[in-house]
Amino acid sequence: MGCQLNENDSEKLCGMLEKMGYDKTEDTKQADIVLFNTCCVRENAEDKLFGKLGELKKIKEEKGIIIAIGGCMMQEKHITDKIKESYPFVDILFGTHTLHRFPEDLYQALQEKRKQEDIIDIDGEIHEGLPIKRESSIKASVTIMNGCNNFCSYCIVPYVRGRERSRKPRAIIEEVKELAKQGYQEITLLGQNVNSYLRVEKEKQIPFEEYEGVNSFATLLRAINKIEGIQRIRFVSPHPKDFTDDVIQAIADCEKVCKLIHLPLQSGNTKVLKEMNRKYTKEQYLNLVEKMKNKIPNLTLSTDIIVGFPGETEEEFKDTLDVVEKVKFEQVYMFIYSRRIGTPGDKMENQIPEEIKHQRFNRLKALVESQIEENNQKYIGTTQKVLVEGESKNNSKMLTGRTDSNKVVIFEGPKEWIGTMQDLKIVSEHMWYLKGEK
Ligand code: 5AD
Ligand code: SF4
């Protein structure tokens, strides 16, 4: 139900279940177990779970299926209290630090027919070697670090995912080599703050054993760039405050690292950024973008923006529009500020009325969409390298793939192209996708 880290955890849960002899179905009526991997980053993510639990009550009564809930929401006490009170038919609750124990929890629930609650508050260790059943055979996500130490004042993540800790270089490199062997073409490196990979370990002198020259995020990119078979490397999300020159240089030097960089802005106003505890100003963000554009040929950028943070004035919101106008992002993920219990933002007194938040969201959306239309025009007539991902969902006669800048391209071609890189000429644009031809 959440971000790519959450999806990567879901792939591990599926891997564990498969090893226990289960098969996957999307049809609840056929299921023996229903498993939710939840997200709590915004209120609407949480609402999704409660809607689904309501629907399941009847099936549970009729068939006695096992219902298990894991993930970020389970690290919030007010949520687990609510589930125990209002949805007492749920069998297993487990948190982000106890994912690896899910098979044991399930076994106990089945054997002892007792409810299981397996949630701990302390930062779990990183567990290597969990089985994994990946959704795609072309693109794979690899988690490089867990947790977050930044404490942006709107964000619940540091409370539910714990402190920052990095995986060992050897574990990551070996996982990517294995993926290359299996024929994976694209790797996405995941973490709440990928460009501070190994920072905490260095600060606290926790041994991490350098491997193939990897002792930082920049050297990790360089090492993965050398792995034969992998064609593309992406990463989410970096933090602008940690975007050091060595990382910029590594992106420029490594031909496999995609030149679309996701650089979360959150707000374009320096005062709001300070209240958000982002540790950069409007000018510092714009300077960073300028520096990156100068050093990285063909750079494109995407971003995350929150509108309606407590205290955000009309003038301050206009700074966000101003940065969007200046940077011309390839893609903007827009969010309405959502109060999260336990965060400093929730305690701020000057909350913005819903109506104003929605108005600002719609104004930002209109600007972003007009920029996307304009930007799409630039693709027409160009030739793009497209990694072919499969049949188009809406038209099985067409194939779908993505450019380096992560734009969807739809085109005709033989099925043998799936999993290969093709040079395609872009012939038309349709807002959320481009049409291509060989
Ligand atoms: N309200 C709205 N959006 C949020 N995000 C994180 N916390 C909140 C919140 N409380 C957004 C940020 C982040 C993205 C993953 O979700 O933009 O980058
Ligand atoms: Fe949601 Fe954040 Fe958890 Fe990802 S880490 S699932 S965005 S709460």
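Please read all numbers here as calculations on a predicted model, not as lab measurements.

Another point: the domain arrangement of the chain. Taken domain by domain, the chain holds domain 1 (4-118), domain 2 (139-377) and domain 3 (383-437). A C-alpha centroid distance of 36 Å is found between domain 1 and domain 3.

The strands that make up a sheet pair up through hydrogen bonds in the backbone, lying either parallel or antiparallel. Taken together, the 3 strands give an open sheet; going across it, the order is E5-E8-E9, and neighbouring strands pair in parallel fashion. The open sheet has two edge strands, strand E5 (139-143) and strand E9 (232-236), and neither has a second partner. In this sheet, neighbouring strand axes are inclined to one another by 25 degrees on average, regardless of whether the strands run parallel or antiparallel. Bridging between strand E8 (residues 186-190) and E9 involves 5 bridges; their strand directions are parallel. Pairing of threonine 188 across the sheet is with arginine 234, part of E9. Running over the sheet, helix H6 (residues 169-181) touches E5 and E8 and is turned about 170 degrees from E5.

We now examine the site of ligand 1. Close contacts around ligand 1 come from Val41, Arg42, Tyr154, Gln266, Asp304, Ile306, Phe335, Ile336, Tyr337, Ser338 and Arg340, and that covers them all. For ligand 1, an oxygen atom lies 2.7 Å from a polar atom in the side chain of glutamine 266. Expressed as a share of its isolated accessible area of 400 Å², the protein-covered part of ligand 1 is 85%. Only strand E11 (300-307) and strand E12 (331-336) provide two or more residues apiece to the shell around ligand 1. The residue makeup of the shell around ligand 1, split by class, is 6 nonpolar, 2 polar and 3 charged.

Analysis parameters
Residues numbered from 1 in each chain as written. Chains lettered and ligands numbered in written order. Predicted model: local features only at pLDDT ≥ 70, side-chain atom pairs only at ≥ 80, totals over all residues. Heavy atoms only, no water. Domains from an automatic or database assignment. Pairing = 2+ DSSP bridges. Helix = DSSP H or I, 4+ residues; strand = E, 2+ residues; numbered from the N terminus. Axes fitted to C-alpha atoms, helices over the stretch in contact; angles between N-to-C directions. Contact = heavy atoms within 4.5 Å. Near = heavy atom within 4 Å. Polar contact = N/O pair within 3.5 Å; in protein donor to acceptor, adjacent residues only side chain to side chain. Areas by Shrake-Rupley, 256 points an atom, 1.4 Å probe, with all protein chains shown as cover. Nonpolar A, V, L, I, M, F, W, Y, C, P; charged D, E, K, R; others polar.

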